[in-house]
Amino acid sequence: MMQTRVAIIGAGPSGLLLSEILAQQGIESIVLERETRQHVLARIRAGVLEQTTVDVLRRWGLARRLDEQGHVHDGMKIVWAGRNSFFIDVHRHCGKRFTAYGQSRIQEDLYAAADARGAAILHGVRNVRFGSLQGTPARVAFEHEGQAREIECDFIAGCDGFHGVSRPSIPAGNVHVFDKTYPFGWLGVLSETPPLHEIIYANHPRGFALASQRSPSLSRYYIQVPMGTDIAEWPDERFWAELKARFPQELAERIVAGPSIEKSIAPLRSFVAEPMRHGRLFLAGDAAHIVPPTGAKGLNLAVSDIYYLSRALAAFYRDDDDTLLEHYSDTALRRVWHSERTSWYLTRLLHRFPDTSDFDQRMKEYELEYLLSSPHAQAALAEQYAGLPLEGWQ
Ligand code: FAS
Ligand code: PHB
């Protein structure tokens, strides 16, 4: 029988960040991860960090490399209907910037911090399951290296992503699920080529495309593909030709093609499970919610959940005060739903839906025209893209 304060399920960004913040406040935890460390580090996912995410990582001493290597942006570009791109100056409109820095780099930084403190992270665990989630101690049973193991703890943090065991462990009658799937996904490519300088979103009759970056020599591009697309049908040559076809000539000419070092298709989905707590189990990150990546919110929401949850756990252990724990779900969900709406709005505005009527397409084009012509509309988008402040941050 192992004992700890908090059993954390999942060593993704949510789980490792929670483990680190708790450790720096003297609160011990054990992290249980299904995959190998190499597998976790090999995932290529998010790339854009809101100012609040950078602030949280800096506060806990996790942003040294981010500050050295991150590409800070004042805004992003939108291009459509073959017109030249226009720049939404997020910094001018709301005084915030955002940073391009890959999630895999954050994962490396979190593992480095965990190694430095000799963190208890078990990889390759199997069959994680919970005892009663009401009352203490909470119990987590699992197998590791062929051995049946069990943890007694005060709390369980479900940081095990959309396909984890934590959310399904909540009895169906105690959770309300909101779910919307989209009829397309994003085919993403990482290539060792110099990227375009800006982050550029394209709405084109052939479909959505996005230009982003990971470093001055590492490009990240995406194109919208129909649901069910077989990635084998997309050799590099076809991807580069399609990507360039979705940008205006002046940008397409600047895109440097090269061999893909990672290529994958991510489905798009909007999903929220309410509440983000059941007894001693607290959900955080993708375990509780999913956003289409159009708004670059997924990873940033995971970080805001962990800010709220770690703050609540620290108050419980330091002050014997469970007020923040009682309000964790409501507090986190306020920010989740605002990000869900922004991500849904941008996905609807920038993608081509198979059932879009000519009238609906005109509505989108004139929404973009309004965005182009109105600094007020641009300010509203800038404020949502930059991300809302963290409640109670000081
Ligand atoms: P994660 O899914 O990252 O981590 C969960 C961890 O739990 C994993 O390591 C998993 O192995 C482990 N786990 C699962 N089940 C377990 C079990 N039963 N026992 C133990 N461990 C278990 N966001 C953006 O902002 N921009 C993007 O472009 C973007 N692209 C994405 C592409 C893909 C393919 C995916 C899946 C997500 C993408 N996201 C993007 C969102 C992504 O970045 C998430 O928001 C982020 O990974 C959330 O982190 P976690 O909550 O830690 O969940
Ligand atoms: C990325 O760089 O991976 C990225 C950028 C912007 C998005 C989504 C993903 O909206």
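Predicted, not measured: the structure shown is a model, and the values here were computed from it. (Residues numbered from 1 in each chain as written. Chains lettered and ligands numbered in written order. Predicted model: local features only at pLDDT ≥ 70, side-chain atom pairs only at ≥ 80, totals over all residues. Heavy atoms only, no water.)

## So, the site of ligand 1
Applied cut-off: Here, proximity means that at least one heavy atom of the residue falls within 4 Å of the molecule or strand. For the purposes of these results, a polar contact is taken to be a pair of N or O atoms within 3.5 Å, where, inside protein, one atom must be able to donate a hydrogen and its partner to accept one; residues adjacent in sequence count only when each atom of the pair is a side-chain atom. To be clear on the numbers: accessible area is Shrake-Rupley with a 1.4 Å probe, and residue cover counts the displayed protein chains and nothing else. Comment: elements are numbered from the N terminus, with helices defined as DSSP H or I runs of at least four residues and strands as E runs of at least two. Classification convention: Asp, Glu, Lys, Arg as charged; Ala, Val, Leu, Ile, Met, Phe, Trp, Tyr, Cys, Pro as nonpolar; all other residues, Gly among them, as polar.
In the region of ligand 1, 30 residues are neighbours, and Ser-14, Glu-33, Arg-43, Arg-45 and Gln-103 sit closest. Pro-13 is positioned with one of its backbone polar atoms (N or O) 3.3 Å from an oxygen atom of ligand 1. Taking 990 Å² as the accessible area of ligand 1 by itself, protein coverage stands at 87%. At the level of secondary structure, the elements contributing two or more residues to the shell around ligand 1 comprise helix H1 (13-23), strand E3 (29-33) and helix H9 (298-319). Within the shell around ligand 1, the residues separate by chemical class into 14 nonpolar, 8 polar and 8 charged.

## Some details on helix H11 (residues 358-373)
Each α-helix turn comprises 3.6 residues. Residues three or four places apart therefore point the same way. For clarity, the cut-off: Expected helix span is computed as 1.5 Å times (number of residues minus one). For every residue, the accessible area obtained with a 1.4 Å probe (protein chains only) is divided by the maximum for its type, and the residue is called buried under 20%, exposed over 50%, and partly exposed between those limits. When we speak of the arc, we mean the arc of directions from the helix axis to the C-beta atoms.
Between its first and last C-alpha, H11 extends 22 Å over 16 residues, near the 22 Å set by a 1.5 Å rise per residue. Along H11, the positions that sit buried rather than exposed are Gln-361, Lys-364, Glu-365, Leu-368 and Leu-371. Viewed end-on, H11 has its buried residues packed into an arc of 115°, placing them on one side of the element. Opposite the buried face of H11, at more than 90 degrees from it, the exposed residues are Phe-359, Tyr-366 and Ser-373.

## So, the nonpolar core
Threshold: Buried residues of nine kinds, namely Ala, Val, Leu, Ile, Met, Phe, Trp, Tyr and Cys, make up a nonpolar core once their side-chain atoms join them within 4.5 Å.
The biggest cluster of nonpolar side chains holds 75 residues, and the ones touching the most others in it are Leu-17, Leu-18, Leu-32, Val-140, Phe-142, Ile-151 and Ile-156. It is H9 that provides the largest number of residues to this core, a total of 10 residues.

## Comments concerning the site of ligand 2
Around ligand 2 sit 13 residues in total, of which Tyr-201, Ser-212, Arg-214, Tyr-222 and Pro-293 are the nearest. Contacts to ligand 2 include Ala-296, whose backbone N or O atom sits 3.4 Å from an oxygen atom. The fraction of the free accessible surface of ligand 2 (280 Å²) that becomes covered by protein chains is 97%. Mapped onto the shell around ligand 2, the elements with two or more residues apiece are strand E16 (207-215) and strand E17 (218-226). Per element, the largest residue contribution to the shell around ligand 2 is 3 residues, and it comes from E16. Across the shell around ligand 2, the residue classes break down as 7 nonpolar, 3 polar and 3 charged.

## As for empty space enclosed by the protein
Counted only if it meets this: Buriedness for pockets is judged along seven lines, at least five of which must meet protein on both sides within 12 Å for an open set on the 1 Å grid over protein atoms alone, while cavities are sets there where a 1.4 Å probe fits but cannot get out, and lining residues have an atom within 4 Å of a point. Grid points are joined across faces, edges and corners, and a volume is the space filled by probe spheres set on the points.
If you walk through the whole model with that rule in mind, you get 3 cavities of 30 Å³ or more. Around the largest cavity sit Gly-12, Pro-13, Val-40, Arg-43, Arg-45, Gln-103, Ser-104 and Gln-107, which together line it. Take the lining of the largest cavity: its biggest share by element is 3 residues, from helix H6 (residues 103-116). A class-by-class count of the residues in the lining of the largest cavity yields 2 nonpolar, 4 polar and 2 charged. Pro-13, Leu-17, Thr-53, Leu-57, Ile-106, Leu-110, Leu-299 and Val-303 are the residues that line the second largest cavity.

## A few points about the packing of H9 against helix H10 (residues 323-350)
In helix packing, the relevant descriptors are the interaxial angle and the interaxial distance, both defined with respect to the helix axes. This is how it is decided: Convention adopted: a line fitted to C-alpha atoms gives each axis, helices being fitted over their contacting stretch, and angles between N-to-C directions are expressed from 0 to 180 degrees. Should an angle lie under 35 degrees it is considered roughly parallel, over 145 roughly antiparallel, and from 65 to 115 roughly perpendicular; all remaining angles are considered oblique. Here a crossing is taken to be left-handed if its near helix is turned anticlockwise relative to the far helix by less than a right angle, and right-handed if that turn runs clockwise. Residues are treated as being in contact if the distance between any of their heavy atoms lies within 4.5 Å.
Packing of H9 against H10 leaves a shortest axis separation of 9 Å and a crossing angle of 165°. By the criterion of interaxial angle, the relationship of H9 to H10 is roughly antiparallel. As H9 runs across H10, the sense of the crossing is right-handed. In this structure, H9 contributes Asn-300, Leu-301, Ser-304, Asp-305, Tyr-308, Leu-309, Arg-311, Ala-312, Leu-313, Ala-315 and Phe-316 to the contact, and H10 contributes Leu-324, Leu-325, Tyr-328, Thr-331, Ala-332, Arg-335, Val-336 and Ser-339. When the residues that make up the contact of H9 with H10 are grouped by side-chain class, the tally is 12 nonpolar, 4 polar and 3 charged.

## Re the side chain of Thr-229
Looking at the secondary structure, you find Thr-229 in the loop between E17 and helix H7 (236-245). Reaching out from Thr-229, the side chain makes a polar contact with the backbone oxygen of Pro-226 at a distance of 2.6 Å. Look past the residues within four positions of Thr-229 in its chain and what remains in contact with it is Trp-234 and Ile-265.

## Re the environment of Glu-242
Among the structural elements, Glu-242 can be located in helix H7. In this structure Glu-242 comes out as buried when scored by relative accessible area, which is 11%. On a C-alpha basis, the gap between Glu-242 and Ile-223 in space is 8.0 Å, while along the polypeptide they are 19 residues apart.

## Examining the environment of His-163
Along the polypeptide, His-163 turns up in the loop between strand E13 (155-158) and strand E14 (176-191). Between the C-alpha atom of His-163 and that of Ile-290, which follows or precedes it by 127 residues, the distance is 11 Å.

## Some thoughts on the side chain of Gln-213
For Gln-213, the position within the fold is in strand E16. Of note is the side chain of Gln-213, whose polar atom sits 3.3 Å from the side chain of His-71. A polar atom in the side chain of Gln-213 sits 3.1 Å from the backbone oxygen of Leu-196. Excluding residues within four positions of it along the chain, Gln-213 makes contact with His-71, His-73, Ala-100, Pro-195, Leu-196, His-197, Glu-198, Ile-199, Leu-218, Ser-219 and Arg-220.

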